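# What the coordinates show
Listed here are the chains, written in short residue letters.
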Amino acid sequence: YWLDTAMIPEIIYHEYSHAALSDHLVLSHSTAIIEGMADFFAGQIADSPKLATKIKEYNTYNGKNAKRKQQYNIQFESTEYANTDFVFGLLWSMKDILGEETVVPFIFELRKTLTTNSTIRGQLINGLLSTCENMCLSPFVDKLRILKALDKKGI
């Protein structure tokens, strides 16, 4: 069954997010970080941690859910697993640490520490901590809270 994804708001938001992030995250190929960052902003625009779940009747795609209790797996670093919910969920969980008002500018600033080939265990973790150093109101405490969230996700 053919599905016109241009009619699905969350997919439009996701693709628009790629354009907004492209000054640092060029979409030459899919990675978990590139897709997860676009999912995060699509979820923010849609005001929901669940993306594209209403298309099940038209497609086998189950949507994405940032609240999925997914643990880190080394396979998430490779492109065939780039569409995992892991990065989406990890970035979404930053709301609990940084607050609703701060999380969007924080994650947008995070893009400056990343490149198209960044890894979760490498640049994403370091980027979260260095962005917190520059943007968090209580960097020491907030970095500890970020590290605790990373530990809960299996990193």
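Here the structure is shown first, and the text comes after it.
Residues numbered from 1 in each chain as written. Predicted model: local features only at pLDDT ≥ 70, side-chain atom pairs only at ≥ 80, totals over all residues. Heavy atoms only, no water.

### Considerations on the overall build of the chain
In terms of helices and strands, the chain carries 6 helices and 2 strands. Against the compact-globule benchmark of 15 Å for 155 residues, the chain has a radius of gyration of 15 Å, which places it among compact chains. Viewed in the frame of its principal axes, the chain has a C-alpha envelope of about 50 × 30 × 30 Å. Taken across its 155 residues, the chain has 45% of its residues classed as buried. Pairs at least 24 apart in sequence give 62% of the contacts found in the chain among residues at least 6 apart. Put simply, the chain shows about 8500 Å² of open surface, and 53% of that area lies on carbon and sulfur atoms. (Helix = DSSP H or I, 4+ residues; strand = E, 2+ residues; numbered from the N terminus. Rg over C-alpha atoms; globule rule 2.2 N^0.38 Å. Buried < 20%, exposed > 50% of the residue type's maximum accessible area, 1.4 Å probe, protein only. Contact = heavy atoms within 4.5 Å. Areas by Shrake-Rupley, 256 points an atom, 1.4 Å probe, with all protein chains shown as cover.)

### Some details on the nonpolar core
Membership of the largest hydrophobic core comes to 37 residues, with the highest contact counts inside it found for Met-94, Ile-107, Leu-124 and Leu-128. Elements with a minimum of two residues in this core: α2 (32-46), α3 (86-98), α4 (100-110), α5 (120-135) and α6 (139-152). Here this core gets 9 residues from one element, more than from any other, and that element is α3. Once you skip the residues sitting within four places of it in the chain, Leu-128 turns out to touch Leu-90, Leu-91, Met-94, Phe-106, Leu-110, Ile-146 and Leu-150. (Core = buried A, V, L, I, M, F, W, Y, C linked by side-chain atoms within 4.5 Å.)

### Description of the side chain of Ser-118
Relative to the helices and strands, Ser-118 resides in the loop between α4 and α5. Side-chain polar atoms of Ser-118 contact the backbone nitrogen of Thr-115, separated by 2.7 Å. (Polar contact = N/O pair within 3.5 Å; in protein donor to acceptor, adjacent residues only side chain to side chain.)

### A few points about α4
Among the residues making up α4, those that are buried are Val-103, Phe-106, Ile-107 and Leu-110. The arc that holds every buried residue of α4, seen down its axis, measures 95°, which confines them to one face. In this structure, the buried residues of α4 make contact with α2, α3, α5 and α6. (Arc of directions from axis to C-beta.)

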